[in-house]
Amino acid sequence: MTIFQNINRLTAYALLNSLITKDDVIYTQNRLLELFRLDGFETIEDANLPEDVKTSDLEEILKEMLDYGGKNGIFEDSGIVSRDLFDTKIMGMLVPPPSDVIEIFNTLRTDVGAKEATDWYYKFSCDTDYIRRYRVCKDLKWKTSTEYGDLDITINLSKPEKDPKAIAAARNIKQGGYPACLLCKENEGYAGRMNHAARQNHRIIPLTLNNEEWYLQYSPYVYYNEHCIVFDAKHVPMKITKDTFARLLDFVKQFPHYTLGSNADIPIVGGSILTHNHFQGGCYEFPMAKAPVENTFKMKMFPNVHCGIVKWPMSVIRISSKFDYDLVMAADHILREWRQYTDKDAFIFAETDGEIHNTITPIARKRGDQFELDLVLRNNITTEEHPLGVYHPHANLHHIKKENIGLIEVMGLAVLPSRLKKELADLETALKEGTDIRQNEELEKHADWIDEIKERRGQSKVIDQNVLQEEVGLVFSKVLEDAGVYKRTDEGKTNFQKFINVIKEGQ
């Protein structure tokens, strides 16, 4: 296709997906002509829009436009990062201003309902290519049955890995202070640079949570259905407080079809961005939400709150009530007690050498007329034996998962590194051909794991891709067990009960 044909195809795509109206067609075509430094169409007829454009054509249209732009010096094509910067600029030409987006969202929310508003906003975020559907669909996903229920396993392939040229270019760029981070509201419409993603096609929705200014957006990598991010209007660090619980519950009150949680607020057990207060959620029921309560208890100070310990590899207290205020106060009570709780016999220390170790990963949801909070007890203490964290995946599991166990993993969805796609395929081939895995530099780290699988399943058992995926899921359940401050043993349950007794009596 010529560049003129692709300008028409992209304009037709925008019209098809209601990013523009018929009144915007000529304006949009002229903006795209200007972007590609073209004087115009040869004839008026050449500006006619094709009628056969489909939503799925977007990837091909953008690829051809990028190829043209790179070859003709419209932008410097140095790889995936520069191409992403320029195709976001292209898509930015099609996206209505923030005020229009906010008005549509709020009108739908008021006149039809919160779910219809988020349905529209999610589709809009996909249609603008802020969420790149053609990349997200490449992610590998499966479920693995465990004693804790089915866990969700994903190998993320939609977040592109930077090429060496981009890494070198980013290193030579002066670090800017605007936007302060990738979550700040100032990203909306920002052109980006080699070390900061472009966001001309990005639109955010203002919210009021706990009488404060917050914003709603979606994650461009959508690890699960309608993976949303809710972030503070101010660039302030993560901090779990009583206000955190109030904000989470206020959100699920306004959007009861969504769940919302917060990463912990300290290193090792927190998320990848600790510098900007934010939450993550979406229209998805995570495995932890399906896990049953195995032991119930009451807290004397909060008679309207139902409490229990969840059957889960990590240490989770579930509390629920019809009254969100009671739940906020009960959660704050548990948080304050946990912050200062030390049990040397259980190797739990509230602080060492002035460093605070105890915090909570909270998750909020609505079940009918009940508000519900899952409070996951976290501790980030390290030792010489476990320098990355005692309650962190241990070294024998790093061949599968070494990264921090953040909110999404806590809830039972593994986000595993892209390298595993190739490594699992290569493992299957090596096992089929009888190759010595220990002689393969890339696969050697999996050798002990494979030996253990063979011993447990039987030497004659064929270990194919299905078996490997199931075993990866079982490793993830062990990862979560490592991250649990109280183990699923009699001793661990006894120690957990000691803390439960503290919060029950309100000491």
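From a predicted model like this one, the values you see are computed outputs, not experimental measurements. Each chain has its residues counted from 1, following the order in which its sequence is written. It should be noted that, the model being predicted, local features are given only for residues of pLDDT at least 70 and side-chain atom pairs only at 80 or more, the latter also being counted only at that level, while totals for whole chains, interfaces and linings use all residues. Excluding hydrogens and water, the side-chain figures rest on all heavy atoms present in the structure.

Draft legend 1. Up close: the overall build of the protein chain. When you go through the protein chain residue by residue, the secondary structure sums to 16 helices and 15 strands. Along the first, second and third principal axes, the C-alpha atoms of the protein chain reach 80 × 60 × 40 Å. Among the 507 residues that make up the protein chain, the fraction classed as buried is 55%. Sequence separation of 24 or more characterises 65% of the internal contacts of the protein chain that already satisfy a separation of 6 or more. Areas reported as accessible are Shrake-Rupley estimates using a 1.4 Å probe. Residue values count occlusion only from the protein chains shown. Summed over all atoms, the accessible surface of the protein chain reaches about 23000 Å², with 50% contributed by carbon and sulfur. For the protein chain, the separation between the mean place of its 63 positive charges and that of its 78 negative charges on side chains is 2 Å. Every helix listed is a DSSP run of H or I at least four residues long, and every strand listed is a run of E at least two residues long, numbered separately from the N terminus. Partly exposed describes any residue whose relative accessible area lies between the buried limit of under 20% and the exposed limit of over 50%, with all areas from a 1.4 Å probe on protein chains only and scaled to the type maximum. By definition in these notes, contact holds between two residues if any of their heavy atoms fall within 4.5 Å. In this count, Lys and Arg are taken as positive residues and Asp and Glu as negative ones, while His and the chain termini are left out. We put the charge of a Lys on NZ, of an Arg on CZ, of an Asp on CG and of a Glu on CD.

Draft legend 2. Looking closely at the nonpolar core. The set of buried Ala, Val, Leu, Ile, Met, Phe, Trp, Tyr and Cys residues whose side-chain atoms join them within 4.5 Å is what this entry labels a nonpolar core. Judged by nonpolar contacts, the single largest core of 97 residues is most densely connected at Leu10, Val230, Ile317, Ile319 and Tyr486. No other element matches helix α11 (residues 324-339), which puts seven residues into this core. Leave out the neighbours within four places in its chain, and Val230 touches Leu207, Leu209, Trp214, Tyr215, Leu216, Phe251, Leu260, His278 and Phe279. With 46 residues, the next largest nonpolar core counts Met288, Ile400, Leu443 and Ala447 among its residues.

Draft legend 3. Representation of the packing of helix α2 (residues 25-35) against helix α4 (residues 80-92) within the structure. Packing of α2 against α4 brings their axes to within 10 Å, and their N-to-C directions diverge by 155 degrees. Between α2 and α4, the interaxial angle falls into the category roughly antiparallel. For the pair formed by α2 and α4, the contact residues are Arg31, Leu32 and Leu35 on the first element and Phe86, Lys89, Ile90 and Gly92 on the second. All residues other than Ala, Val, Leu, Ile, Met, Phe, Trp, Tyr, Cys, Pro, Asp, Glu, Lys and Arg, Gly among them, are scored as polar; the first ten of these are nonpolar and the last four charged. When grouped by side-chain class, the residues that make up the contact of α2 with α4 number four nonpolar, one polar and two charged. Every angle, taken between N-to-C directions, lies between 0 and 180 degrees, and every axis is a line fitted to C-alpha atoms, over only the stretch in contact when it is a helix. Comment on the angle field: the value is read as roughly parallel under 35 degrees, roughly antiparallel over 145, roughly perpendicular from 65 to 115, and oblique elsewhere.

Draft legend 4. Structural context of the sheet that holds strand β1 (residues 140-146). Read from one edge of the open sheet, three strands run β1-β2-β15, paired in mixed fashion. Whereas interior strands pair on both sides, the edge strands pair on one side only; in this sheet they are β1 and β15 (413-416). Ignoring strand direction, the axes of neighbouring strands in this sheet form an average angle of 25 degrees. Pairing between β1 and strand β2 (residues 149-155): seven bridges, direction antiparallel. Residue pairing for β2: Thr146 is matched across the bridge by Gly149. The strands touched by helix α15 (residues 465-483) within the sheet are β1, β2 and β15, with β1 carrying the most contacts at an inclination of about 65 degrees. A pair of strands is labelled paired if DSSP reports no fewer than 2 bridges between them.

Draft legend 5. Molecular detail of the sheet that holds strand β10 (residues 316-321). The ten strands lie next to each other as β3-β4-β5-β7-β6-β13-β14-β10-β9-β8, forming an open sheet whose pairing is antiparallel. With partners counted over all chains shown, the strands left at the sheet margins are β3 (205-209) and β8 (293-297), one partner each. With direction set aside, neighbouring strand axes in the sheet form an average angle of 25 degrees. As defined by bridge partners, strand β5 (residues 228-232) adjoins strand β7 (residues 278-282) across four bridges and the pair is classed as antiparallel. In the sheet register, Cys228 faces β7, and the bridge partner there is Gly281. Running at roughly 55 degrees to strand β4 (residues 212-218), helix α6 (residues 114-127) makes contact with β3 and β4 of the sheet. In the packing of α11 onto the sheet, the strands contacted are β10, β13 (358-367) and β14 (370-379), and the crossing angle to β14 comes to about 10 degrees.

Draft legend 6. Expanded view of the pairing of β3. Only one face of β3 is covered, namely the face carrying Ile205, Leu207 and Leu209; the face carrying Pro206 and Thr208 is uncovered. In this sheet, β4 lies alongside β3 in antiparallel orientation, the contact comprising five bridges. By the bridge assignment for β4, Pro206 is matched with Tyr215. Hairpin connection of β3 to β4: two residues between the antiparallel strands, including Asn210 at a positive phi of 55 degrees.

Draft legend 7. Just the layout of surface pockets, in detail. Points on a 1 Å grid over protein atoms alone make up a cavity when a 1.4 Å probe fits among them but cannot get out, and a pocket when they form an open set with protein on both sides within 12 Å along at least five of seven lines; lining residues each have an atom within 4 Å of a point. Grid points are joined across faces, edges and corners, and a volume is the space filled by probe spheres set on the points. The space that makes up the second largest pocket amounts to roughly 320 Å³. In this structure, the second largest pocket is lined by 20 residues; those nearest its centre are Ser18, Leu19, Ile20, Leu94 and Pro96. Looking at the lining of the second largest pocket, the elements that each hand over two or more residues are α2, α5 (98-111) and α6. With four residues, the single largest contributor to the lining of the second largest pocket is α6. The residue makeup of the lining of the second largest pocket, split by class, is twelve nonpolar, three polar and five charged.

Draft legend 8. Spatial organisation of the side chain of Gln217. On the secondary structure map, Gln217 appears in strand β4. Assessed through its relative accessible area of 5%, Gln217 is described here as buried. In contact with Gln217, not counting residues within four places along its chain, are Tyr121, Tyr130, Leu183, His202, Ile204, Cys228, Ile229 and Phe231.

Draft legend 9. Up close: the environment of Ile405. Positionally, Ile405 belongs in the loop between β14 and α12 (407-410). Ile405 gets classed as buried once you look at its relative accessible area, which sits at 1%. C-alpha separation for the pair Ile405 and Ala483, spaced 78 residues apart in sequence, amounts to 7.3 Å. Non-local contacts of Ile405, meaning those with residues more than four positions away in its chain, are made with Ile268, Val269, Met314, Arg378, Pro393, Val410, Val479, Leu480 and Ala483.

Draft legend 10. Fine view of α4. The end-to-end C-alpha distance of α4 is 18 Å, a good match for the 18 Å that 13 residues give at a rise of 1.5 Å each. Among the 13 residues of α4, eleven are classified as buried, and the element is accordingly described as predominantly covered. Here α4 has its buried residues at Val81, Ser82, Arg83, Asp84, Leu85, Phe86, Asp87, Thr88, Ile90, Met91 and Gly92. By this rule the span expected of a helix is its residue count minus one, scaled by 1.5 Å.

Draft legend 11. Spotlight on unusual backbone geometry. Residues Tyr178 and Pro179 are joined by a peptide bond in cis, for which omega reads -15 degrees. With respect to the helices and strands, Pro179 occurs in the loop between α8 (164-171) and β3. Non-glycine residue Asp129 carries a positive phi angle of around 70 degrees. Here Asp129 is to be found in the loop between α6 and α7 (133-136). Positive phi values are uncommon outside glycine, yet Ile268 reaches one of about 75 degrees. Of note, Ile268 is situated in the loop between β6 (259-261) and β7.

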